[in-house]
Amino acid sequence: MMTPFNDFWKLSTRIRRSPCGWRRVDGAKLVKTVAENMEEIFRRKAEATRRLVEAAEEGAPAARGEPGSAGEDAFEGQFRAGSCAVTVNPSRLAEVILEKFSTEYEYFNAVLINEVDEDGNSVELGGEFILEPNDHFNNLSVNLSLSVVQVPTNMYNKDPDIVNGVYWSEALNKVFVDNFERDPSLIWQYFGSAKGFFRQYPGVKWHPDEHGVISFDCRNRKWYIQAATSPKDVVILVDVSGSMKGLRLTIARQTVSSILDTLGDDDFFNIIAYNQEIHYVEPCLNGTLVQADRTNKDHFREHLDKLFAKGIGLLGEALAEAFTILNEFNQAGRGSVCSRAIMLVTDGATKMYDDVFAKYNWPERKVRIFPYLIGRESAFADNLKWMACTNKGYFSQISTLADVQENVMRYLHVMSRPKVIDHEHDTVWTEAYVDSALAQAHKLGVSKGPNPVTTVAMPVFSTKNETKNQGILLGVAGTDIPIQELMKTVPKHKLGIHGYVFAITNNGYILMHPDLRPLYQEGQKRRKAHYSSVDLSEVEWEDTDDFLRTAMVNRKTGTFSMEVKRTVDKGKRVLSMHNDYYFTDIKGTPFSVGVALSRGHGKYFFKGNVSLEAGLRDLEQPDVALAHEWTYCNTDEHHEHRYLTQIQAIRLYLTGRKPHLKCDRELIQQVLFDAVVTAPLEAYWTGLALNKSENPDKGVEIAFLGTRTGLSRTNLFVAPEQLTNQDLLTAEDNEGVFNADHFPLWYKRAAEQVPGTFVYSIPFSSARENKSVVLASTAIQLLDDRKSPIAAAVGIQMKLDFFQRKFWTASRQCNALDGKCTISCDNEDIKCYLIDNNGFILVSEDYSQTGLFFGEVEGAVMNKLLLMGSFKRITLYDYQALCKEYAGSSDSAHTLLDPFATVKWLLGELIIFLLEFNLYSWWNVDSAAKAERAQRRTMMVPCDTEYPAFVSERTIKETTGSIECEGCMRTFVIQQIPSSNLFMVVVENKCDCSSAPPVTMEPIEIIYILQK
């Protein structure tokens, strides 16, 4: 019978005899290197943004109108710091700007480009705009020479302020192009105007949704708000007196919600509703401020719907409460310890409350007041205007729901004045996020992304002599950095099989981590609502004292170690290991980066040497591939290198034909070594494929190998279209391939087995899609030592029915002289199972049980195995989970009286069967019974869960036991199959144990109780 694994021993010997050595990984040095690599990426992106800021500030004054130039007399007043109004002659301004527009300027509106009217003519503000597909920009059709301008749906495309800003910001086109020429790894660059328009490079077509709306407004994006304003503490006061009934209360709720949109993770807030009494919107959080992260803001939004209007409004007491909270928090050094503001949402104030301001805010006026007058009536507007003017704030009147967003945004200009007047060009960085509104407008398909990014942004100020000291914010410039680009800087080959790099923000949120699960379901592109605010403590949950998180948030450099449990295979399996953590800060950013190395083989790597000629020859063989997301050579730094494959780039680099290519010489040397050492496998596998007698029924479909350098070799024994699971070793099989943040699952599991043993499993995703296969793999170590580096892993994919057929054939054979078996799996008195070391069934008489957890089928037996120590339960926690929210007789024991004797004949044949080869998840999939329940309409909401995983005890090789069921004893036998992770389980079948509860892996939601 064909055995693709037989040559694995020769490969192991070949590696050991090659000229190579191994050494310990220096974690502290490694994390420093990673931090420096990331720092360089961030520095280049920040420089590109700074060039945009300088160009914008230089171009803006000419558009405003220098003394003696056209447009100077368009402004009849000025916006003074602390004042309440702006006086502008809009008709004169429009006349001046539109005259320039018609003669000198072509304005490409992102929505209208390439649009034509009924007569086939280009629509106004549209025109012909050349677009070409570009894989660097998610394969969108873009224009690399020009930018486009997007105007929010609720604003007029020809508004004079917008036309003026669009005109002077045209100067950014040259800088956009120049930046991209300097750094081809740049993606989107943009300028968000304080007037509302958004200039984006490269130019791309925007598409409204099915309602004809584009919800994107650059001014309520985090990057804009963080760059435009300083961190702030905010108390929102909402009038819920009787006069606020009906539409006014609806507008007030929307106003509060819009204010929350403008707050970021560096801000702190609370909401107080008032009438004749003070009501904290969240009673559990009275007298304090909370961080304005998405979870808290969404929680408060839910409570807004519970507000109702009645009684009279006592504003004085509400103001006093707000001042008290803000001042106490600030004096205690809590909150943002920066700007402070009170947002007042009301339909009027009967007096000025100067006594309250004199007591709490004057003369320093450190707390700004922003009144929002709800409704069309202006009877009490003067009192509110006075409050704003005497407390360095701004007054706005909101008459309709359509007025809310634009009026709320105005307070940002006032809050930005101190920064603008001092000309603080602070560089800000966001957490990892995906702008879904932007992705929708770009019409990104499900298969194309979008991918998480972090944004670097800087404010743009007016530097005109007349307005330089008046604090005019023109907008914010920014550029995106894909998280994928950061991951490419990681030297994955030095991290070991289970090692990884992670990074967090100054708030403890994950920037990158292999355990971050942003999607509702693997394979989908719909992201969870709170994916961008997953805390480090939620994935490194074993650190119960938060030592690692605290040190990294405080930007310390150091080390830490702890026992961890890492889940694999979509959370169904668990690997226990000891991790050493090394961490430091990334200079010039608010981020910190860490490296995790697992003890044992994960702390060592080996180096081999081969000739350049031999290495290149074997590397370029057709069965060889390199990890798609690993960086052997950086092909992003120069446009001419962008279309090179990694193997092409390696050849050009080593032959000196591309001296400007930056490559990892050490990694390349090792990948050449791996290519040479593994080259004989190609001929061996090819010979097996030609020898049809070895695999007559084509049960074994594919053989594959992977090495520590990301090199892989594959050989098909059937035509590609005949593969039972065609996703194996493709991008669709995310856990099964070398990725930017992990080794393949079959590689990782093989590495944790005793050297020389083989791991068998049924992929859970395959079972769900009815692509039933069995994977088998084994690791190749440099030495027979748990600490020895693992050089490679070899595996095969075979059809499940082929594997099961071989099992049943072996189980029906025996070594008796007369050829008659005392007992076999055909006997109705017993049930036979083949399970793996995590308790999942590979073979059962009932085919539908394949892939299920053994405890669900044989709950009583599994419980006994747990009590006897053959298996152990490991408790795990998932802080990124989603939960559903709903709108025999006594004689029968004699059969297995001597259980080990009765199954030895089975084991003898099974060992031969397995050595010939020697070669599922509630996150994504449930059993058929659960699928029935899923048909009901449910909503998935974020939650925390506790759930079990199970693993066999390695030291126990064979066990027998009995269970009392309904008055009779049920006996069972379990024995490990040598050199594998499999167990043969034979269970006596005459006793009825169906009343015993199953042992499941179902998660249980953790309910938190707030203590008042």
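Below you will find a few notes about this structure. (Residues numbered from 1 in each chain as written. Predicted model: local features only at pLDDT ≥ 70, side-chain atom pairs only at ≥ 80, totals over all residues. Heavy atoms only, no water.)

### Details of the environment of asparagine 143
Then comes step 1: With respect to the element layout, asparagine 143 can be found in strand E3 (residues 140-143).
Then comes step 2: Distance in space between the C-alpha atoms of asparagine 143 and proline 202 is 5.5 Å, their sequence separation being 59 residues.
Then comes step 3: The residues touching asparagine 143, leaving out its near neighbours within four places in the chain, are Phe129, Ile130, Leu131, Tyr201, Pro202 and Gly203.
Then comes step 4: Within the structure, the side chain of asparagine 143 is placed 3.1 Å from the backbone nitrogen of leucine 146, a separation counted as a polar contact. (Helix = DSSP H or I, 4+ residues; strand = E, 2+ residues; numbered from the N terminus. Contact = heavy atoms within 4.5 Å. Polar contact = N/O pair within 3.5 Å; in protein donor to acceptor, adjacent residues only side chain to side chain.)

### Quick look at the nonpolar core
Then comes step 1: Counting 89 residues, the largest nonpolar core has Met38, Trp206, Trp223, Leu486, Val501 and Val593 as its most contacted members.
Then comes step 2: In terms of residue count, helix H2 (residues 27-64) provides more of this core than any other element does, 14 residues in total.
Then comes step 3: Ignoring any residue separated from it by four or fewer positions in sequence, one finds valine 501 in contact with Val34, Met38, Val490, Leu495, Met512, Pro514, Val593, Gly594 and Val595.
Then comes step 4: Counting 71 residues, the second-largest nonpolar core is a separate cluster that includes Leu644, Phe704, Leu723 and Leu728. (Core = buried A, V, L, I, M, F, W, Y, C linked by side-chain atoms within 4.5 Å. Buried < 20%, exposed > 50% of the residue type's maximum accessible area, 1.4 Å probe, protein only.)

### Regarding the packing of helix H17 (residues 612-619) against helix H19 (residues 665-678)
Then comes step 1: Orientation of H17 relative to H19, taken along the N-to-C sense of each, is 70°, at an axis distance of 8 Å. As summarised for this structure, H17 and H19 are arranged roughly perpendicular, according to the angle between their axes. For the crossing formed where H17 meets H19, the hand is left-handed. On the side of H17, the interface is formed by Leu612, Ala614, Gly615, Leu616, Asp618 and Leu619, while H19 contributes Leu672, Ala675 and Val676.
Then comes step 2: Of the residues belonging to the contact of H17 with H19, the class tally is seven nonpolar, one polar and one charged. (Axes fitted to C-alpha atoms, helices over the stretch in contact; angles between N-to-C directions. Parallel < 35°, antiparallel > 145°, perpendicular 65-115°, else oblique. Left-handed = near helix turned anticlockwise from the far one by under 90°. Nonpolar A, V, L, I, M, F, W, Y, C, P; charged D, E, K, R; others polar.)

### A few points about the sheet that holds strand E4 (residues 148-150)
Then comes step 1: Read from one edge of the open sheet, six strands run E4-E6-E5-E17-E16-E15, paired in antiparallel fashion. Strands at the two margins of the open sheet, each flanked by one partner only, are E4 and strand E15 (428-429).
Then comes step 2: Pairing of strand E5 (residues 189-193) with strand E17 (residues 473-482), which is carried by five bridges, proceeds in the antiparallel orientation. When the sheet's bridge partners are listed, glycine 192 is paired in E17 with valine 476.
Then comes step 3: Where helix H5 (residues 172-182) meets the sheet, it contacts E5 and strand E6 (198-201), and its direction lies at approximately 150° from that of E5. (Pairing = 2+ DSSP bridges.)

### Here we look at H17
Then comes step 1: Among the residues of H17, Ala614, Gly615, Leu616, Asp618 and Leu619 are the ones counted as buried.
Then comes step 2: Where the residues of H17 are buried, they touch strand E24 (624-626), helix H18 (646-654), H19 and strand E28 (711-716).

### Description of unusual backbone geometry
Then comes step 1: Following tyrosine 201, the chain continues to proline 202 via a peptide bond in cis, the omega torsion being -5°.
Then comes step 2: Residue position: proline 202 is located in the loop between E6 and strand E7 (203-204).
Then comes step 3: Proline 363 follows tryptophan 362 through a cis peptide bond whose omega is 5°.
Then comes step 4: Position of proline 363 relative to the elements: it lies in the loop between helix H10 (354-360) and strand E13 (367-374).
Then comes step 5: Here the phi dihedral of asparagine 138 falls at roughly 55°; this positive angle occurs in a residue that is not glycine.
Then comes step 6: Tracing the backbone through its elements, the reader meets asparagine 138 in the loop between strand E2 (132-134) and E3.
Then comes step 7: Among the residues examined, asparagine 138 registers a relative accessible area of 22% and is labelled partly exposed.
Then comes step 8: Residue arginine 365 is not a glycine yet carries a positive backbone phi of 55°.

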